[in-house]
Amino acid sequence: MSSNQKTTLWFLLVALLLVTIGFAQSWSVSLGIMNLCLISAIMALGVNIQWGYAGLINVGVMGFSALGGISAVLISQKPVTAAWQAGWGNLLLAAVFSTITITIVVLCYRKLAASRQRNILMTVVTIAGLFLARYFFDPAVVSIESVDSAKTGYLGGANLPILVSWVIGGFVAGGIAWLVGKVALGLRADYLAIATLGISEIILAVLKNEDWLTRGVKNVTGLPRPVPYEINLQSSDWFINLMQWWHSNNLIELTVLEKQTALKQFVIEGSSIFVKLCYTGLFATVLIIILFLSVKALNSPWGRMMRAIRDNEVAASAMGKDVTARHLQVFILGSAIIGVAGAMLITLDGQFTPTSFRPIRYTFLIWVMVIVGGSGNNMGAVLGSFLIWIAWIEAEPLGVWLMEFGTSGMDQNNWLKLHLIENAQHMRLFFMGFVLLLVMRFSPGGILPEVIRKR
Amino acid sequence: MSFLIGENMVGGYGGADILKGCTIAVDQGEIAVIVGPNGAGKSTAMKAMLGMLPLKSGQVKLKDNDITSLTPQARIAKGIAFVPQTNNVFVSMSVRENLEMGAFLRDDDFSQTIDQVFELFPILAEKQKQLAGELSGGQRQQVAVARALMSQPSVLMLDEPTAGVSPIVMDELFERILEVRQTGVAILMVEQNARQALNIADKGYVLVIGENRHTDTGQALLANPEVRRSFLGG
Amino acid sequence: MDALVDLTNAVILLLNFVIVPSLAYGSQLALGALGITLIYGILRFANFAHGDTMAFGTMITILMTWWLQSKGISFGFLPTALLALPVGIFATIIMLIFTDKVVYKHYRRRKDPSVTLMIASIGVMFMMNGIIRFVIGPNEQRFADGERFILKARAFKEWSGLNEGLTIKTSQALTVVIAIMFVVGVFWFLQKTRSGKAMRAYSDNEDLALLSGVNPEKVVLITWIIVATLATVAGTLYGLDKSFKPFTYLSMLLPMFAAAIVGGVGNPIGAIVGGYVIAFSEVTLTYAYKKVFVYLLPSSLEPDGLLQLLSTDYKHAVSFIILVLVLLFKPTGILKGKIL
């Protein structure tokens, strides 16, 4: 079986799974899963570009997707004028002093010879700068956060269409990745993993605690949508007509009264599906664009060079390839893609809740997707995302069902039975680990391994 | 029959064979030195005798027992000790602990052996509490040899023991190796410094592309004009 | 005289809110970091499953504690959990040896790069996490037999006549004492015993250790046994001191990595030092010193602000920042690394 046939077959299986879910549960559930599959696939592509192409291990996926997410907030929300008025002066001064401090410290580090005196000087400047900046920053924060803190309490955003944030989110994540990469990419693989994990936690800590900028754990809800709202659809004539046409076979034999109730039901259900379909269309477009570019890049001279660097860094650098610059490039690119996906995710959710970002779900699960799907193979990463996300969601009802089935002989109120059913949902973590280890052991290249082109 | 012999050894690391049927032998109380140009398979021949390289054909015998199929660990248990060319001490452990590790497989009391080794390498007795990583290059080589002797081996294999040490240290090291020979150990050595090594060798092997080119006593090889011209620089 | 009283008050304040809590937390981190560093030194990979190993051991200990408590068995003034601890340790040893046999051994034998083992440990992390949540649930569990104190703030105030009270929980004192016991035990083992020396030799120079006749599988086995013991003890002490929640243990992973790396990965002494460095930094950088300075300075110089370097919300972030800074500027740690 050629690798293309294999890919097709696996994606047919995915389609079959989604259709089965559509029939067995509901199309709304199925589309909901599909949408998150698409977003996860984009995240997985980002990781795949870093790990699969270049062998860079980024365990900070969570941080970069959260950066994309906050971009969605800062782009789409209305600016809070009162907060700006209250705080901009002090904020500006704080920014100026921070910049000056950082500049002095960097200059000290670059221009002075390494010595105890230099280190002491740098420490003193840092602490002095911190206090000076805080002297202006603290009152700014207090004044901003006190502006209608129940509703806003932050600076607000740029009041642009939320779709803009999908691009900006990529830039923000890419920009931070540039900073991170600039300093961290020299580290050995395992240290880089730990460092990126730490950096993602730092990013989250900032997003959680800098209320003046992000509203922190008070969350931002009600983000504007790029697609219609269900409630509007339900009262639009064109949509009601569309539903009438779509369900005409079902409606034809009903009485007028029954017809009205049934139609109303169809419109409500239909509106939810329609909205999800709109998202699916948007997400699929983005995925296809990124996938297309990734595949092109992988097969271009650039992609060949990346793989050469991955497989033998020393040889590649001996042949005049600038390994550090290429690593930085690919790190920024991958992180930017993750940022785009993060912005899309928050757009879909319609709210930004920093506490919902947890490493298991936003970092390690994405890694499972890439490894299981096939690192180095873009279609593999996409396939992995679909399979793993479907499994992640469906493991819960399946687990409960299995437990109920397994304990059907027991008494209704048996404590063991109740415990098993109540906690069955957590077995999905176990299952994910199991699948990961199974694939690593018996098919180390993943389900769709990297295609090695022979000349 | 020699004490340790590798007969007609053929083998390599995958792909092409590095050894093409060479034979190396050493007896107890004797120093055998393998010399030859770069890439002749000197170290490979020694590693094959230690079991770190699977042989396609040929055999290795110790005291007339065939040990060809044994792992390096099993050969070490049978009394072969090996001093690698590099990374041959435990840098984070004291000199004394290095010696103790050399005696790791021994269940008996080895304090006497330690005393003997200290007699042989007096500087080590002085520095026994110091970390091996803090010693000079020459001292480290002494630790490495001493560690190998701790197992009271019948065969001592040394892979280029004088690589990277100064000429004075080299002379001292060879001095010590001659003393070790007195104890009746069979010594097999790969050497880059061919002239000095053949000087103390009872037996010399000149290998060229995996085959024996010349085999004779050390002095005879030194006197052999062809060997002198081709391998000893005149 | 007043000045002396003020000074004493300030010292007690620092003891109560900075030093005692940091000592306890630092000891817990140190035990965890010691496990991470041992795995790194011997098995040569960063074990992402270590937080969950701790949680697993603690969970077994908790279940055993509950059983003991239900039977009315107690351990005098000491927590019942200490009585249950050996069972937790034993179960964790079995668990780790099992994961080694079915997961890590395969990659070790193939001499795969350490990144592969690290990713495999992510799989193990998922599975253990699943088991823990399945068995004991994701919620907070308490298993200490009520809070017990060696010293209570009010009693201390009455006794000393000072303004500031000093509270020392039994769990805090126990943490420090038990941590010291285990650390001393591990060091004695590494320095003095044959197996301990074999471990150090294997960590230092694998090839030479093999040439000396060290059996790698035995070294690995002993390592897992020690790691399981340390992890269970650390997890149980943390749970007794604060409370048990699976997610908390997962998020302990980074501070523990930070401690191990700060001290130099593979260096056991470094892990201990690192544990306390991390704990003290977290607390000292986020503590509001206003009250201390109120005691120390004349009232005319009384500070306005809280005198807090970083908001308490950043407590955990401090350890991540230290981790990242050390990785960037001194990846070998403040002590020399790779010494077991």
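Whatever comes next refers back to the structure up there.
Please read all numbers here as calculations on a predicted model, not as lab measurements.

K.L.:
Help me understand the arrangement of the chains, please; the structure alone is not making it clear to me.
P.N.:
Considering every one of the 2 pairs of chains in contact, the largest contact total is recorded for chains A and C. The smallest C-alpha distance separating chain A from chain B is 20 Å, and no contact links them.

K.L.:
Quick question: what am I supposed to make of the packing of aromatic side chains here?
P.N.:
Two descriptors summarise a pair of aromatic rings, namely the distance from one centre to the other and the angle between the planes of the rings. Residues and elements named next belong to chain A. For the structure shown, the criterion picks out 28 aromatic pairs over all chains. Measuring from ring centre to ring centre gives 5.3 Å for Tyr-135 and Phe-136, while their planes differ by 85°; the resulting arrangement is edge-to-face. We classify Tyr-135 as exposed; its relative accessible area is 61%. Its relative accessible area of 17% is what places Phe-136 among the buried residues. Centroid distance Phe-137 to Trp-212: 5.6 Å. Interplanar angle 85°. Geometry classified as edge-to-face. Within this pair, whereas Phe-137 is found in helix α5 (residues 116–145), its partner Trp-212 is found in helix α8 (residues 211–214), the two being separated by 75 residues in sequence. With a relative accessible area of 21%, Phe-137 lands in the partly exposed category. Clustering of aromatic rings is evident, with ring pairs tying together Phe-97, Tyr-135 and Phe-136.

K.L.:
Mind showing me how you'd approach the packing of helix α12 (residues 268–286) of chain C against helix α14 (residues 315–329) of chain C here?
P.N.:
When two helices pack together, their arrangement is captured by the angle between the axes and the distance separating the axes. Residues and elements named next belong to chain C. Between α12 and α14, whose axes approach to 8 Å, the crossing angle comes to 130°. In terms of their interaxial angle, α12 and α14 are classed as oblique. Relative to α14, the crossing made by α12 is right-handed. Taken together, the residues of α14 that come into contact with α12 (itself represented by Ile-278, Ser-281, Glu-282, Val-283, Leu-285 and Thr-286) are Lys-315, His-316, Val-318, Ser-319 and Ile-322. Considered class by class, the residues forming the contact of α12 with α14 number 5 nonpolar, 4 polar and 2 charged.

K.L.:
Teacher, can you tell me more about the sheet that holds strand β10 (residues 211–216) of chain B here?
P.N.:
Think of a sheet as strands paired side by side through backbone hydrogen bonds, with each pair either parallel or antiparallel. Residue and element names in this part refer to chain B. Strand order across the open sheet formed by 6 strands is β6-β7-β8-β3-β9-β10, with mixed pairing between neighbours. This sheet does not close on itself; its edge strands, each paired only once, are β6 (80–83) and β10. Averaged over all pairs of adjacent strands, the angle between their axes in this sheet comes to 15°, without regard to strand direction. Taken together, the 4 bridges between strand β3 (residues 31–35) and strand β9 (residues 203–208) define a ladder with parallel strand orientation. Following the sheet pairing, Ala-32 is matched in β9 by Lys-203. Its contacts with the sheet place helix α1 (residues 42–50) against β3, β6, β7 (155–159), β8 (186–190) and β9, and it is angled at close to 150° to β7. Against the sheet, helix α7 (residues 167–182) contacts β3, β7 and β8, and its axis sits at roughly 150° relative to β8.

K.L.:
How should I be thinking about the sheet that holds strand β5 (residues 65–66) of chain B in this particular structure?
P.N.:
Taking strand neighbours across the sheet as the criterion, the 4 strands line up as β2-β1-β4-β5 (chain B) in an open arrangement whose pairing is antiparallel. Here the strands that pair on one side only, and so sit at the sheet edges, are β2 (19–26) and β5 of chain B.

K.L.:
Looking at this structure, how should I read helix α1 (residues 3–24) of chain A?
P.N.:
Count 3.6 residues to each turn of an α-helix, and residues three or four apart come out pointing the same way. Residue and element names in this part refer to chain A. With 22 residues, α1 extends 31 Å from end C-alpha to end C-alpha; this agrees with the ideal 32 Å at 1.5 Å per step. Buried residues of α1: Thr-7, Val-14, Leu-18, Ile-21 and Gly-22, and no others. All buried residues of α1 lie within an arc of 110° about the axis, which places them on one face of the element. Exposed side of α1, more than 90 degrees from the buried face: Leu-12, Leu-16, Phe-23 and Ala-24 are the residues found there. Turning to α1, the residues buried within the fold contact α2 (27–53) and α17 (378–406).

K.L.:
Sorry if this is basic, but what is going on with the layout of surface pockets here?
P.N.:
Gaps left between atoms show up when a probe the size of a water molecule is rolled over them. For the second largest pocket, the calculated volume is near 820 Å³. Lining the second largest pocket we find 33 residues, and of these Trp51(A), Gly55(A), Pro113(C), Val115(C) and Thr116(C) sit closest to its centre. Listing elements by their share of the lining of the second largest pocket, those giving two or more residues are α2, α7 (189–209), α13 (301–311) and α15 (323–349) of chain A together with α4 (114–136) of chain C. Taken together, the residues of the lining of the second largest pocket break down into 17 nonpolar, 10 polar and 6 charged.

K.L.:
What am I meant to see in the interface of chain B and chain C here?
P.N.:
As a measure of interface size, the accessible area lost when the parts come together is often cited. The partner chain C presents 16 residues to the 19 residues of chain B that form the contact. In this assembly, chain B packs against chain C so that about 1700 Å² is buried in total across both faces, 57% of it on carbon and sulfur atoms. When residues of chain B are sorted by the area they lose upon contact with chain C, Phe90(B), Ser92(B) and Phe104(B) head the list and together hold 35% of the total. Where chain B touches chain C, the interface holds 2 salt bridges.

K.L.:
Help me out: how do you make sense of α2(A) in this one?
P.N.:
Residues and elements named next belong to chain A. Between its terminal C-alpha atoms α2 stretches 36 Å, which fits the 39 Å expected from 27 residues at 1.5 Å a residue. The largest bend in α2 comes to about 30°, at Val-47. With 23 of 27 residues buried, α2 lies mostly within the body of the structure.

K.L.:
Got a minute to help me understand the interface of chain A and chain C in this structure?
P.N.:
Taken together, the contacts link 49 residues of chain A with 47 residues of chain C. Buried surface at the junction of chain A and chain C, summed over both partners, amounts to about 4200 Å²; 78% is from carbon and sulfur atoms. In this assembly, chain A and chain C are joined by 0 salt bridges. If you list the elements that add at least two residues to the side of chain A that touches chain C, you get α5, α6 (164–184), α7, α16 (359–373), α18 (415–423) and α19 (427–442) of chain A.

K.L.:
Sorry if this is basic, but what is going on with the pairing of β10(B) here?
P.N.:
Where a strand is regular, its side chains alternate between the two sheet faces. Residues and elements named next belong to chain B. The pairing of β9 with β10 spans 5 bridges and is antiparallel. Across the sheet, the residue bridging to Val-208 is Glu-211, located in β10. The hairpin formed by β9 and β10 contains 2 residues between the paired strands, and Ile-209 there has a positive phi angle of roughly 30°.

K.L.:
Hey, could you run me through the environment of Leu185(A) in this one?
P.N.:
Residue and element names in this part refer to chain A. Tracing the sequence through the fold places Leu-185 in the loop between α6 and α7. Owing to a relative accessible area of 11%, Leu-185 belongs among the buried residues under this scheme. The residues contacting Leu-185, other than those within four sequence positions of it, are Leu-56, Val-180, Leu-192, His-327, Leu-328 and Phe-331.

K.L.:
Help me understand the packing of α2(A) against α15(A) in this model?
P.N.:
All names here are of chain A. Interhelical geometry of α2 versus α15 gives an angle of 165° and a closest axis separation of 7 Å. The orientation of α2 relative to α15 falls into the category roughly antiparallel. The two elements α2 and α15 cross, and the hand of that crossing is left-handed. From α2, Asn-35, Leu-36, Ile-39, Ile-42, Met-43, Gly-46, Val-47, Ile-49 and Gln-50 reach across to α15, where they touch Val-330, Phe-331, Gly-334, Ser-335, Ile-337, Ile-338, Ala-341, Gly-342, Met-344, Leu-345 and Leu-348. Split into classes, the residues belonging to the contact of α2 with α15 amount to 14 nonpolar, 6 polar and no charged.

K.L.:
How should unusual backbone geometry be read in this particular structure?
P.N.:
When glycine is set aside, most residues are seen to have a negative phi, and most peptide bonds are trans. All names here are of chain A. Located in the positive-phi region is Asn-159, a residue other than glycine, with phi close to 55°. Mapped onto the secondary structure, Asn-159 falls in the loop between α5 and α6. By relative accessible area, which is 44% here, Asn-159 ends up partly exposed. Even without being a glycine, Asn-219 presents a positive backbone phi close to 65°. In this fold, Asn-219 is placed in the loop between α8 and α9 (230–234).

Parameters at a glance
Residues numbered from 1 in each chain as written. Chains lettered and ligands numbered in written order. Predicted model: local features only at pLDDT ≥ 70, side-chain atom pairs only at ≥ 80, totals over all residues. Heavy atoms only, no water. Contact = heavy atoms within 4.5 Å. Phe/Tyr/Trp six-rings, centres within 6.5 Å; stacked < 30°, edge-to-face > 60°. Buried < 20%, exposed > 50% of the residue type's maximum accessible area, 1.4 Å probe, protein only. Helix = DSSP H or I, 4+ residues; strand = E, 2+ residues; numbered from the N terminus. Axes fitted to C-alpha atoms, helices over the stretch in contact; angles between N-to-C directions. Parallel < 35°, antiparallel > 145°, perpendicular 65-115°, else oblique. Left-handed = near helix turned anticlockwise from the far one by under 90°. Nonpolar A, V, L, I, M, F, W, Y, C, P; charged D, E, K, R; others polar. Pairing = 2+ DSSP bridges. Expected span 1.5 Å × (residues − 1). Arc of directions from axis to C-beta. 1 Å grid on protein atoms, 1.4 Å probe; cavity = no way out; pocket = protein on both sides within 12 Å on 5 of 7 lines; lining within 4 Å. Points joined across faces, edges and corners; volume = space filled by probe spheres on them. Buried area = accessible area lost by both parts, 1.4 Å probe. Salt bridge = Lys/Arg side-chain N within 4 Å of Asp/Glu carboxyl O. Bend = angle between axes of the 7 residues up to and from the residue.

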